[in-house]
Amino acid sequence: MTVPLRARDPIVVDVALGERSYDIVIGRGTLPSLGQRIAALRPGARVAIVTDTTVARHHLGAAQAALTRGGIGCTVVTIPPGEASKSFAELERLCDALLAARLERRDLVIALGGGVVGDLAGFAAAVVRRGVDYVQVPTTLLAQVDSSVGGKTAIDSAHGKNLIGAFHQPILVVADTALLDTLPPREFAAGYAEVAKYGLLGDAPFFESLEANWREVFAGGAVREHAIAVSCRAKAAIVARDERETGDRALLNLGHTFGHAFEAAAGFSGRLLHGEAISLGMVLAFAFSARRGLLPQVEADRVARHLAAVGLPTHLSAIAELPDADRLMDLIAQDKKVQRGALTFILVRGIGQAFVASDVDAAEVRAFLVEKLAER
Ligand SMILES: NC(=O)c1ccc[n+]([C@@H]2O[C@H](COP(=O)([O-])OP(=O)(O)OC[C@H]3O[C@@H](n4cnc5c(N)ncnc54)[C@H](O)[C@@H]3O)[C@@H](O)[C@H]2O)c1
Ligand SMILES: [Zn+2]
């Protein structure tokens, strides 16, 4: 299917959270409507755009023009790109800048960027003046399908990632899929791992459609918009059922228990992007489930084949200098809290059939890792 790269009516996904409900507006060319949408939601509000210097270079001008078109005055605060900005130091600098810009309770923060900007700006919005509203304008694929939706905001601590934060839902998400055209291909592929995750955890027909049409998701036409919308709908449905992750929301962690351990082992560096770690983690979650007899090995192989086809790592040999199984188990334990030798894990009974297993024997996981490490 060939689809033109043109603006059309956006797709609107509703995140149904009672009085905290909001729309995710998805489409090529939705950014220019940002000002009018904000003016309609919050007449008279002033806004502060928070962005990183890389995103600013590509897209800040268009965002400012969109606000001007809506008659909205704005200030801009930029942060350095990269995970290191999710720190107390940047949070302090950002909060001070928002106060210096005289942002008041009825004003708005706009997070223009990837997950780093979204998490930091969202957390600053949660705490400045005891909370101001914010709008997400995600500019990475990962942010459009995952981090901008659901209201988790955070910075990192020396004790681990995302350990200091708040649940703070945005009042609007505007995902302009054209903004992804400037994203480095490796970042796009990493975000795609989360797109595939939604199929793998609960929607087999979606995974099947990705197997057939992934090239068009990468190419940027209507199929991309559709895949982003399906992903947002899946996340919105889970978040609406379990906003604060007391149950079902954990399904979104498919592939993340192994994945986080690999990320930590790689020092959360550019050596292994989050989505790349999640690709490996999902392959292992399927292989581990197959080993437990929950699904046939051929189905686990099919998952690995698709992720490899799009250029994501699916084999542990992709990570240089992996630590041994004991060290990986330490990292898993730090991330997930082992309780009396048992781990909570997201396992699968097949493609699209993930479930939360709270009784996974740590020794069995360790034996599995020893085996996988030996296969390298
Ligand atoms: N809150 C949540 O629910 C949630 C969920 C998943 C991930 N996260 C967080 O998200 C973060 C990762 O987000 P990310 O992958 O978007 O990384 P990121 O924000 O670091 O962006 C990746 C890189 O791409 C650049 N970039 C962003 N948009 C661009 C564009 N349109 N064109 C060119 N370059 C662009 C950025 O400057 C950065 O260098 C992590 O900190 C993770 O913890 C949060
Ligand atoms: Zn993830």
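Let me sum up the structure you'll find in this document. Values in this document were obtained by computation on a predicted structure and should not be read as measured data.

Calculation notes
Residues numbered from 1 in each chain as written. Chains lettered and ligands numbered in written order. Predicted model: local features only at pLDDT ≥ 70, side-chain atom pairs only at ≥ 80, totals over all residues. Heavy atoms only, no water. Near = heavy atom within 4 Å. Polar contact = N/O pair within 3.5 Å; in protein donor to acceptor, adjacent residues only side chain to side chain. Areas by Shrake-Rupley, 256 points an atom, 1.4 Å probe, with all protein chains shown as cover. Helix = DSSP H or I, 4+ residues; strand = E, 2+ residues; numbered from the N terminus. Nonpolar A, V, L, I, M, F, W, Y, C, P; charged D, E, K, R; others polar. Buried < 20%, exposed > 50% of the residue type's maximum accessible area, 1.4 Å probe, protein only. Pairing = 2+ DSSP bridges. Right-handed = clockwise from strand over helix to strand, strands pointing away. Contact = heavy atoms within 4.5 Å. Salt bridge = Lys/Arg side-chain N within 4 Å of Asp/Glu carboxyl O.

Take the site of ligand 1 next. Near ligand 1 you find 26 residues, and of these Asp52, Glu83, Thr139, Thr140 and Thr182 are the closest. In the environment of ligand 1, an oxygen atom lies 2.6 Å from a nitrogen or oxygen atom belonging to the side chain of Glu83. Note that an oxygen atom of ligand 1 is positioned 2.8 Å from one of the side-chain N or O atoms of Lys86. Look at ligand 1: alone it shows 870 Å² of surface, and the protein chains cover 88% of it. Secondary structure elements with two or more residues in the shell around ligand 1: helix 2 (53-69), helix 4 (115-127), helix 5 (141-147) and strand 8 (160-167). For the shell around ligand 1, the element with the highest residue contribution is helix 2, accounting for 4 residues. Here the shell around ligand 1 is composed, by residue class, of 7 nonpolar, 10 polar and 9 charged.

Time to look at the pairing of strand 6 (residues 133-138). For strand 6, a buried count of 5 out of 6 residues is recorded, marking the element as mostly surrounded by other parts of the structure. Pairing between strand 5 (residues 108-113) and strand 6: 6 bridges, direction parallel. Bridge pairing in strand 6 places Ile110 opposite Val135. The parallel pair strand 5 and strand 6, bridged by helix 4, forms a crossover whose chirality is right-handed. Looking at chain direction, strand 6 and strand 9 (residues 172-176) are connected through 2 bridges and run parallel. Note on strand 9: the bridge partner recorded for Gln136 is Val173.

The next subject is the environment of Lys197. Here Lys197 shows up in helix 6 (residues 185-202). On the basis of relative accessible area, Lys197 is assigned to the buried category, the value being 1%. Beyond its immediate sequence surroundings of up to four residues, Lys197 is in contact with Asp146, Leu252, Leu254, His256 and Met282. Of note is the side chain of Lys197, whose polar atom sits 2.7 Å from the backbone oxygen of Leu252.

Let us look at the pattern of salt bridges. Within this structure, the stated rule accounts for 19 salt bridges. The salt bridge partner of Asp107 is Arg46, with a shortest N-O separation of 3.6 Å. In this pair, Asp107 sits in the loop between helix 3 (88-100) and strand 5 while Arg46 sits in the loop between helix 1 (34-41) and strand 3 (47-52), placing the two residues 61 residues apart along the sequence. Linking Lys152 and Glu245 is a salt bridge whose minimum nitrogen-to-oxygen distance equals 2.6 Å.

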